[in-house]
Amino acid sequence: MTNYDVDLIRRDFPILERQVYGRPLVYLDNGATTQKPRQVVEAMTEEYYNVNANVHRGVHFLSQQATELHEAARETVRRFLNARSTSEIIFTRGTTESINLVATTFGDAFLNEGDEVIVSEMEHHSNIVSWQLVQARKGIRLRVIPITDEGELCLDEFEQMFNEHTRMVSVTHVSNVLGTVNPVKRIVEIAHAHDVPVLIDGAQSTPHFPVDVQAIDCDFFAFSGHKIYGPTGVGVLYGKESWLDRLPPYMGGGEMIRNVSFEQTTFNDLPFKFEAGTPDYVATTGLARALDYVSALGMECIHAHEQELVRYAMEQMSAIPDLRFIGTPKEKDAVISFLVGDIHPLDMGTLLDRLGIAVRTGHHCAEPLMHRMGIESTVRASFGLYNTKAEIDALVAGIERVSRMF
Ligand code: PMP
């Protein structure tokens, strides 16, 4: 990691120079959203100032230039995920919309009463409630893969869950609470052996290590731009063309149609069939610059840097009296959830904030997981490519200081 220069990297993120309550900001809420480098913000400003025009519609110069940027962004995403074709890359508003798109359209086309969808106990609400909406409409059954006390999926029990009613497996790549990195390749192998497709929620994996959708062989993959140093309001759904072709449209409107009449409307080709209305074409440019940014640093290098941070943080935090980690899987990503004695996470979070340290507290949109772990909430520190060991030292000192107050 000799040429991973975190001090130099931090200069690309103006917000990291901010003071909070007179103290330097220590931003450890990257699981919720990441900060944006100048390269992303400047590319978006440049597009608004000098290129802005609606895409795919105009014959005029600006519209064509905006369309080129938007479609080049799609190619950047394709390369980033190693998808086969840009037809497989659908722009959405984020992971949540991507999952809802699949749940709704797959549900409409392929799910009937008594059919089963497998999720896990560690899912974010977006990968639970989307399917519960289908459940309410179609009478499907949700099956839930249990997890161990350490926070790993019970794969043996997962294998036993398949039967003639199983239609879909939808699981997270990395838990936003436990940091668990799930063995998605193995999950896909197991599901495919039963002819069942798999959706992977990649909200917490794409920012941290290389993802290759062809190597994973998943059928659908979702992620959010804002969690990978890109803008808010844009995300991606990858889907295998063979599946996307068979799914009905999600929303109706401009761009997703070929011809419209009151008698019969025909739909556009992929990926446009799923992109009704004016897309956030400036955000797609921003997302592409964010992916360029992390790719230039190297996802492997980012991963190595963050793994070192997690290892160091776990080691330092282990020495804090009464500190308990929630989630101690063997493969753990850049997320550490913890509790200290009986200090309420909200108190811990509020007092750390006063020291300039931004962490998350609460149920992290994973209430069923909280129930499984027998708790109501946690404090969560989540790392990004710009965090440093000095910031972890500040966190540890902050936790110790708050602990002494109680
Ligand atoms: N899944 C996981 C695992 C997440 O961590 C999040 C965001 N916390 C989401 C889905 C939802 O992402 P978004 O709010 O960007 O749609």
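Look up: the structure comes first, before these words.
I will try to describe carefully the structure that is included in this document.

## With respect to the nonpolar core
By size, the foremost hydrophobic cluster in this structure holds 74 residues, and its most contacted members are Val77, Leu81, Val169, Phe221, Leu287 and Leu385. A per-element tally of this core places helix H10 (residues 281-297) first, with nine residues. Mapping this core onto the domain boundaries places at least three of its residues in each of domain 1 (6-29 + 298-405) and domain 2 (42-295). The residues touching Val169, leaving out its near neighbours within four places in the chain, are Ile118, Phe158, Phe162, Ile187, Ala191, Val196, Pro197, Val198 and Leu199. Core analysis: the second largest hydrophobic core is formed by 29 residues, Met317, Leu323, Leu355 and Val396 among them.

## Details of the environment of Gln204
For Gln204, the location among the structural elements is in the loop between strand E8 (198-201) and helix H8 (213-216). Look at Gln204 and you get buried, because its relative accessible area is 6%. Expressed as a C-alpha distance, the spacing of Gln204 and Leu111, which sit 93 residues apart in the sequence, is 28 Å. When sequence neighbours within four positions are dropped, the list of residues in contact with Gln204 reads Gly31, Val174, Asn176, Lys227 and Asp333. For Gln204, the side chain forms a polar contact with the main-chain oxygen of Gly31, separated by 2.9 Å.

## A closer look at the site of the ligand
The ligand sits among Thr95, Thr96, His124, Ser126, Thr172, Asn176, Asp201, Ala203, Gln204, Ser224, His226 and Lys227. His226 has a polar side-chain atom sitting 2.7 Å from an oxygen atom of the ligand. If the ligand stood free it would expose 400 Å²; the protein chains cover 84% of that surface. Residue classes in the shell around the ligand are distributed as one nonpolar, nine polar and two charged.

About the criteria used
- Residues numbered from 1 in each chain as written.
- Predicted model: local features only at pLDDT ≥ 70, side-chain atom pairs only at ≥ 80, totals over all residues.
- Heavy atoms only, no water.
- Core = buried A, V, L, I, M, F, W, Y, C linked by side-chain atoms within 4.5 Å.
- Buried < 20%, exposed > 50% of the residue type's maximum accessible area, 1.4 Å probe, protein only.
- Helix = DSSP H or I, 4+ residues; strand = E, 2+ residues; numbered from the N terminus.
- Domains from an automatic or database assignment.
- Contact = heavy atoms within 4.5 Å.
- Polar contact = N/O pair within 3.5 Å; in protein donor to acceptor, adjacent residues only side chain to side chain.
- Near = heavy atom within 4 Å.
- Areas by Shrake-Rupley, 256 points an atom, 1.4 Å probe, with all protein chains shown as cover.
- Nonpolar A, V, L, I, M, F, W, Y, C, P; charged D, E, K, R; others polar.

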